[in-house]
Amino acid sequence: MDSRLYVITGHAFLKGRQLEDVIRAAIQGGADTIQLREKDYTGRDLLAAGHLLRRLTRELGARLIVNDRIDVARAVDADGVHLGQGDLPIEIARDILGPGKFVGISTHNVAEAVAAEQAGADYIGLGPMRPTQTKLDTEPVVGPAGVKAVRDAVRLPIVAIGGIGPDDVAEIIRNGANSVAVVSAVIGADDVTGAARALRAIVDRERGDRA
Ligand code: TZP
Ligand code: MG
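Okay, so let's go over this structure. Everything quoted here is computed from the prediction, not taken from an experiment. (Residues numbered from 1 in each chain as written. Chains lettered and ligands numbered in written order. Predicted model: local features only at pLDDT ≥ 70, side-chain atom pairs only at ≥ 80, totals over all residues. Heavy atoms only, no water.)

Once that is clear, we can look at the overall build of the protein chain. Counting its regular elements, the protein chain contains nine helices and eight strands. Considered along the principal axes of its C-alpha atoms, the protein chain spans approximately 40 × 40 × 35 Å. In the protein chain, which comprises 211 residues, the proportion classed as buried is 53%. A separation threshold of at least 6 residues defines the contact pool for the protein chain, and within that pool the share at least 24 residues apart is 61%. Total accessible area on the protein chain stands at roughly 9500 Å², and carbon and sulfur atoms take up 51% of it. Charge centroids of the protein chain, computed over 26 positive and 29 negative side chains, lie 3 Å from each other. (Helix = DSSP H or I, 4+ residues; strand = E, 2+ residues; numbered from the N terminus. Buried < 20%, exposed > 50% of the residue type's maximum accessible area, 1.4 Å probe, protein only. Contact = heavy atoms within 4.5 Å. Areas by Shrake-Rupley, 256 points an atom, 1.4 Å probe, with all protein chains shown as cover. Lys, Arg positive; Asp, Glu negative; His and termini not counted. Charge placed at Lys NZ, Arg CZ, Asp CG, Glu CD.)

Below, the structure written as structure tokens:
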């Protein structure tokens, strides 16, 4: 999955703004992949948000990935699902979603990254890059420097995640990540489009023609 800027929802960062307006602004700034991730939503609330984001991402030409919930991903015809280490295995997700869908896996070290590749993931999340208040139960920090060892071990697209702001993006991409995933740096920004545009510009500059 060729992503360059992967933006994840987080309703705590909306500060009274509408999800639709904030995600539209993020995509206009260069987010090419949107992940629906709301840990405390009911199934019904997730479904409603999923339908809204499906309509919007289709209209604006971005991918939609659903975190954790394969059932919700299927119900809204998302482009894929993002699974954690303890979630259902990839082949079950593929059985449920059908062909042509992306399955991403969260990883935190080389061993998990290699296992995800062997299991047939389409991409890996790798993190946390920095300590973050957005997800409190994170594994030990991988750091931008830790991307290199994972890049050497797998061919899969690497989406770096966790506490990423503009200052870390260049090093993360130079060390071999394909993309960065953020919640607060874009969803929590006063100027959502500007924040996304700034991150995307660094990814584009550092990647150049590299996949
Ligand atoms: N997985 C690892 S860290 C994280 C997730 C979902 C949260 C990232 O949020 P932020 O605000 O970009 O640090
Ligand atoms: Mg998960």
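The discussion continues.
Once that is clear, we can look at the side chain of Arg63. Turning to its location among the elements, Arg63 is positioned in strand S3 (residues 63-67). Although Arg63 lies buried, it forms no salt bridge, and the closest oppositely charged side chain, Asp32, sits 4.1 Å away as judged by the N-O distance. Polar side-chain contacts of Arg63 include one of 3.0 Å to the backbone oxygen of Asp2. Every residue in contact with Arg63, bar those within four places of it in the chain, is listed here: Met1, Asp2, Ser3, Asp32, Thr33, Ile34, Thr57, Asp79 and Phe102. (Salt bridge = Lys/Arg side-chain N within 4 Å of Asp/Glu carboxyl O. Polar contact = N/O pair within 3.5 Å; in protein donor to acceptor, adjacent residues only side chain to side chain.)

Moving on: the layout of surface pockets. Within this model, the largest pocket holds a volume of roughly 630 Å³. If you trace the largest pocket, you find 35 residues lining it, with Arg37, Ser106, Lys135, Thr138 and Ile161 closest to the centre. At the level of secondary structure, the elements contributing two or more residues to the lining of the largest pocket comprise strand S1 (5-8), strand S4 (80-83), strand S5 (102-107), strand S6 (123-126), strand S7 (158-161), strand S8 (179-182) and helix H8 (184-187). The element that contributes the greatest number of residues to the lining of the largest pocket is S6, accounting for three residues. Broken down by class, the residue content of the lining of the largest pocket amounts to 13 nonpolar, 16 polar and six charged. Approximately 170 Å³ is the volume attributed to the second largest pocket. Lining the second largest pocket are Thr9, Gly10, His11, Ala12, Phe13, Arg37, Glu38, Lys39, Asp40, Thr134 and Val183. Residue classes in the lining of the second largest pocket are distributed as three nonpolar, four polar and four charged. (1 Å grid on protein atoms, 1.4 Å probe; cavity = no way out; pocket = protein on both sides within 12 Å on 5 of 7 lines; lining within 4 Å. Points joined across faces, edges and corners; volume = space filled by probe spheres on them. Nonpolar A, V, L, I, M, F, W, Y, C, P; charged D, E, K, R; others polar.)

It is worth spelling out the packing of helix H1 (residues 19-28) against helix H2 (residues 43-60) at this point. The geometry of H1 relative to H2 is characterised by a closest axis approach of 11 Å and an angle of 30° between their N-to-C directions. One element, H1, and the other, H2, form an angle in the roughly parallel class. Of the two possible hands of crossing, H1 and H2 adopt the one that is right-handed. Between H1 and H2, the contacting residues are Leu19, Glu20, Ile23, Arg24 and Ile27 on the first element and Ala49, Leu52, Leu53, Arg55, Leu56, Thr57, Glu59 and Leu60 on the second. A class-by-class count of the residues in the contact of H1 with H2 yields eight nonpolar, one polar and four charged. (Axes fitted to C-alpha atoms, helices over the stretch in contact; angles between N-to-C directions. Parallel < 35°, antiparallel > 145°, perpendicular 65-115°, else oblique. Left-handed = near helix turned anticlockwise from the far one by under 90°.)

Moving on, we get to unusual backbone geometry. Peptide bonds are trans in most cases, and residues, glycine excluded, mostly fall at negative phi. The omega angle of the peptide bond from Gly127 to Pro128 is 5°, so this bond is cis rather than trans. Even without glycine at this site, Lys15 takes up a positive phi of about 50°. In this fold, Lys15 is placed in the loop between S1 and H1. With relative accessibility at 54%, the residue Lys15 sits in the exposed group.

Of the two faces of S6, the one carrying Tyr123 and Gly125 and the one carrying Ile124 and Leu126 are both buried. When S5 meets S6, the two strands line up parallel, connected through four bridges. Directly across from Ile105, in S6, lies its bridge partner Ile124. Pairing of S6 with S7 involves three bridges; the strand directions are parallel. Counted as the bridge partner of Ile124 is Ile158 from S7. What joins S6 to S7 is helix H6 (residues 147-153), and the crossover it makes is right-handed. (Pairing = 2+ DSSP bridges. Right-handed = clockwise from strand over helix to strand, strands pointing away.)

No statement about biological role is implied by the geometric values presented.
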